[in-house]
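# Coordinates in review
For reference, the chains in residue letters:
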Amino acid sequence: MSTTGNGGGGARRAGTAGGAAARARLRRAARPAAPQPPSGRRRGGPADPGSAQPVQSAPTLAVPESGVQPGLRSRPGRPFPGGPADAGPGLGAPPGGSLLDMLKVAIAILDTSGRVVLWSPAAEELLGWPSELLVGRRIDELIPDQEQVARIRAAIQGALRNGRWAGHAELRDRDARPVAVDARISLLVDGDGTPFLQVSLAEAAAVRAVERDLAVRDALFEQSPLGIAILDGDLRYTAVNQTLAQMNGVALEDHVGRTTGETLPERAADEITAIQRQVLATGEPVIDVTLASPVTTRPGYRSISYSRMTDRSGRVLGISGTVMDVTERYRAVAKVEHARRRLSLLNEFGSRVGDLLDAARIAQELASSVVPRLTDHSAVILLQAVAHGDDLPRHGHDRRTSLLQLGTASVQDGPEVEVMLRRGARITFAEDSTCGRVLRTGVPELLSGADQLDDVTYPGDPKMQAARDLGVHSMLVVPLRARGIVIGLLLVSRAGYREGFDRDDLAFTVELADRAGSSLDNARLYARERTAALTLQRTLLPQQVPQPTGVEVAYRYVPGSSGTEVGGDWFDVIPLPGDRTALVVGDVMGHGLRAAATMGRLRTAVRVLAALDLPPDVLLRHVHELADDLAQGPDEALLATCVYAVFDPGTAKLTVAKAGHIPPVLVVPGEEAVEPTRTGGPLPGGAGRILDLPSGAPLGVGGVPFESVELKIPEGSLLALCTDGLVESRDKDLDVGLGRLITVLQEPYASIQAACEAVLDTMEQGREPDDVALLLARLGHGQAGTPTAGWTLPAEPTAVSRARRLVRSTLTEWGVEDLTDTAELLVSELVTNAVRYASAPIGVRLTLGETLLAEISDPLPDPPRERHAAEADEGGRGLELVHRLALHWGARAEGIGKVVWFELALPGTERA
């Protein structure tokens, strides 16, 4: 058997002169050398450097201390025992980078007797022996013991017989250290038939490492559960494992030599090819990129990773890639992410409606929250009772149940969407329809397929026809429940190519609807309670505000924004005798129904006391004395503020007192202002100021006396009374709000009503959610042309007859002679009482307006007291006559005295 091999510049075949010379040298080198003496010294003269000399056996090798010159191929050379001292320079090592360089395969050529004919540079590097010292010597001189020598000789004989031998051996390097090698011996025959032996030597440890690496590579490549691919610089497959072939559905042999684009479907191949090119160009690895499976027969998801491959010299060889089926992982992660998104949607919806107490807004938030994350179209349908804050029906739902579509949302716009999802539309349904069943039973339903849409409401419903035109193919009809009662429906639908609803979607929508149902029911209860509270509050406020003589009033009441917690603010306009008017604004501390009820009781007490025509400070003192009876409860004290003002248009005087309340604002027209019209005319504006009044303690506090202040009011002045909700804010002082109010009222307006609106428009957006009561009054000097007459009489008996004459003549002059007898009688009775008990002048004044008003004043502060006189009594009948004959009568304090007054209806009027 003839085998060729590399002998480190070994024999070439005959055929040229150079080949013949080489064969001659080989034959000369193969001749046996002359025996050497045991000492290892050469015989004869100087040794020929090129001649081959035998060496001693391995145990007797003697290594001189001198070495070879620097620059040889391997370790610093030392002379072989008995050889020349200078072995000469060696050849330079070839550049590394290949597997042979890693294994350091050494080649030696032996003759049939085991003598070294050629010794390669790799062998010199492996064992440290230069060829100059080994050529011509037997190879067994490098073997450390005789047993190994015998094995090598047997191996040589076996190779000569069989043509080859393979096995392990242990040689000795130049430093006498054993080196385990993996050896291969092959028989070579030249052109002349001369046999030689080629010995290939590799370090056993390196061979084992390479074998182990190859085994690991084979195991990793062939047995790995991951798909593995090797691609060259043209991105063509050079190797793939069976796992990847099965993933791609393409045989192993059909991968090799092809690109990804030639192997996989076009859509998937384009994306993968782009990644491969990026990795090959940049060298940056791509790790764990999840893509959909390119094979339709094996749907799922894959994780791909690619990295660039280079050899030891840095040359780019291609890329390697791994593919892992991550379908289960992806679906598990997707399921977790799906659950997280849904939980996020629930939390987001809860936060969006958590502070809402309006059913329509909650319905709209519910509809908007599920589009587009859950559905393409959504509608929220509520019972009319829920929308309006009424009580829930006690009977089951039927086709007569009134439903309103209050929340809608869609991923698109258009006429079909407008028809299907019109906000505020009244919804009707058949009793055997899907909506009817869900309303009756409270069991949600999942509709799949456009053919089931006809059964949602009633046959021929335009909304369902619009849904079909939009491509709706899947719908959920879910009840909105509160305390076990169905209060509405949530309809969600998917259209187009979107995947239909499943049972998980239904369960999630039911959970969302249950949360929304609780919020909607809270909104319904809130609306009902708020309506009840506002109704109570409105009934306690003035139902009709009069427009007294000489005063034009405008008012606004704005409930606070804190739900059913209505406030205790109130205002009132109370006509008083003598064309006088009482203006009242108050505020009961606290909120809620109890505060509103207390406000009603306090307002009633003020009106009752105002009917007694008490001065403002006296009235507030009496109200304060009733504080315990007016309190909200036995354990809670009354705490309220109030301002009470009385305006007399006849005298143009304003008397004001307050109990811890915000001071009034007075705006006086400028001198250049045209005479204002007292009713319905424009406001000219003017200069505003805060009335400086004694503060007084709030009602129910006590310890501070109430004081009245009397002011002379110019014609057409504007008086503003308000509660603190108008001028107070959480971050500004009260003076800022009052200053803003003055600034607004100083401007001219078309009417007093317009001034009210302007004041409300300037309220602070960040103010506390408190009620606001505003009362504006334009103060005049009575109606133009109103007849008035007055006299001062001495406190003498003659004053009675004089008063009768003055009254008769005045009434005759005014043309109301029909009232003369009654007026004379009543004036004489009252003047008689004043003369009897007073010692100072007596005042008499007549005013002809809508009624005839007679006022008799005296300096005594004690009011007259009506009593029933017996038949034998000579007196005590004056006030009884006044009570019987007058339309109204009363007494009021004025200065240090009092005024007793009565009114008579004019002939021909409704009062008469």
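The structure under discussion appears in the preceding block.
Computed from a prediction, not measured in an experiment: that's the story for all the values here.

This paragraph deals with the packing of aromatic side chains. If you walk through the whole model with that rule in mind, you get two aromatic pairs. Ring geometry for Tyr-301 and Tyr-330: centres 3.7 Å apart, planes at 25 degrees, overall stacked. Of this pair, Tyr-301 sits in strand S9 (residues 301-310) while Tyr-330 is found in helix H11 (residues 327-353), placing the two residues 29 residues apart along the sequence.

Between helix H25 (residues 820-837) and helix H26 (residues 878-885), the shortest axis-to-axis distance is 9 Å and the interhelical angle comes to 145 degrees. When you trace H25 past H26, the crossing you get is left-handed. Between H25 and H26, the contacting residues are Thr-822, Leu-825, Leu-826, Glu-829, Leu-830 and Asn-833 on the first element and Gly-878, Leu-879, Leu-881, Val-882 and Leu-885 on the second. Taken together, the residues that form the contact of H25 with H26 break down as seven nonpolar, three polar and one charged.

Right, let's get into unusual backbone geometry. Each neighbour pair has its own omega, and for Val-371 with Pro-372 the value is 0 degrees, a cis peptide bond. Mapped onto the fold, Pro-372 is located in the loop between helix H12 (359-369) and strand S11 (377-383). In this model, Ala-176 sits at a positive phi of 70 degrees, which is unusual for a non-glycine residue. By the secondary structure assignment, Ala-176 is in the loop between strand S3 (164-172) and strand S4 (178-189). Unlike most non-glycine residues, Asp-288 shows phi in positive territory, near 55 degrees. Within the fold, Asp-288 resides in strand S8 (residues 286-292). Asp-288 sits in the partly exposed class, given a relative accessible area of 37%.

This part covers the pattern of salt bridges. For the structure on display, the rule yields 38 salt bridges. Arg-315 is the salt-bridge partner of Asp-311, the closest N and O atoms lying 3.1 Å from each other. The shortest N-O distance in the salt bridge between Asp-454 and Arg-468 comes to 2.4 Å. On the criterion of sequence distance, the pair formed by Asp-454 in the loop between strand S14 (445-448) and helix H16 (462-469) and Arg-468 in helix H16 is long-range, its members being 14 residues apart. Exposure remark for Asp-454: the relative accessible area of 41% places this residue in the partly exposed category. The class of Arg-468 is partly exposed, set by a relative accessible area of 28%.

So, about the sheet that holds strand S23 (residues 687-690). With antiparallel pairing, five strands are arranged side by side in an open sheet as S17-S26-S25-S22-S23. Lying at the two open borders of the sheet, with one neighbouring strand each, are strand S17 (551-558) and S23. The mean inter-strand angle of the sheet, taken between neighbouring strand axes irrespective of direction, is 15 degrees. Two strands pair when backbone bridges link them, and strand S22 (residues 665-668) and S23 are joined in this way by four bridges, in the antiparallel orientation. Bridged to Leu-666 within S23 is Arg-689. Running at roughly 30 degrees to S17, helix H23 (residues 752-761) makes contact with S17, strand S25 (717-722) and strand S26 (772-779) of the sheet.

Below, the discussion takes up the nonpolar core. One finds Leu-382 and Leu-480 to be the most contacted residues of the largest nonpolar core, which totals 62 residues. Residues Val-553, Val-585, Ala-659 and Leu-775 belong to the second largest nonpolar core, which totals 56 residues.

Along the chain, Leu-491 falls in strand S16 (residues 485-495). Leu-491 gets classed as buried once you look at its relative accessible area, which sits at 10%. Leu-491 sits 14 residues away from Val-477 along the chain, and the two C-alpha atoms are 4.8 Å apart. Excluding anything up to four places from it in sequence, Leu-491 contacts His-377, Ser-378, Ala-379, Ile-381, Val-456, Met-475, Leu-476 and Val-477.

Here the focus is the environment of Glu-796. Mapped onto the elements, Glu-796 comes out in the loop between strand S27 (788-793) and helix H24 (798-814). Among the residues examined, Glu-796 registers a relative accessible area of 41% and is labelled partly exposed. Linking Glu-796 and Ser-839, residues 43 residues apart in sequence, is a C-alpha distance of 8.4 Å.

Right, let's get into the sheet that holds strand S12 (residues 403-410). What links the strands of a sheet is backbone hydrogen bonding, and the strands pair in either a parallel or an antiparallel sense. The six strands are arranged S13-S12-S11-S16-S15-S14 in an open sheet whose pairing can be described as antiparallel. Edge positions in the open sheet fall to strand S13 (425-427) and S14, since each of these has one partner strand only. The average undirected angle you get between the axes of adjacent strands in this sheet is 25 degrees. Pairing of S12 with S13, which is carried by three bridges, proceeds in the antiparallel orientation. Residue Leu-404 lies in a different strand from S13, and its bridge partner there is Arg-426.

Reading the values: the criteria
Every chain begins its residue count from 1, and numbering advances along the sequence as written. Local features in this predicted model are restricted to residues whose pLDDT is 70 or higher, and side-chain atom pairs enter the listing and the counts only when it is 80 or higher, whereas totals over whole chains, interfaces and linings include all residues. Excluded from the side-chain calculations are hydrogens and water; all other atoms, namely the structure's heavy atoms, are used. What counts as a ring pair is set by centres within 6.5 Å for rings of Phe, Tyr and Trp (its six-membered ring), and what kind of pair is set by the plane angle: stacked under 30 degrees, edge-to-face over 60, tilted for all other angles. We count a stretch as a helix when DSSP gives it H or I for four or more residues in a row; a strand needs E for two or more, and each element gets its number in order from the N terminus. Axis lines are fitted to C-alpha atoms, over the contacting stretch for helices. Their N-to-C directions set the angle, which ranges from 0 to 180 degrees. Helix crossings are classified by the rotation of the near helix relative to the far one: an anticlockwise turn of less than a right angle makes the crossing left-handed, while a clockwise turn makes it right-handed. Whether two residues are in contact is decided by their heavy atoms: any pair within 4.5 Å suffices. Classification convention: Asp, Glu, Lys, Arg as charged; Ala, Val, Leu, Ile, Met, Phe, Trp, Tyr, Cys, Pro as nonpolar; all other residues, Gly among them, as polar. When a residue's accessible area, from a 1.4 Å probe over protein chains only, is under 20% of the maximum for its type it is buried; when over 50% it is exposed; and in between it is partly exposed. Any Lys or Arg side-chain nitrogen found within 4 Å of a carboxyl oxygen on Asp or Glu counts as a salt bridge. Pairing between strands is defined by DSSP: at least two bridges between them are needed. Within this scheme, the nonpolar core is defined by two criteria: the residues are buried Ala, Val, Leu, Ile, Met, Phe, Trp, Tyr or Cys, and they are joined through side-chain atoms within 4.5 Å.

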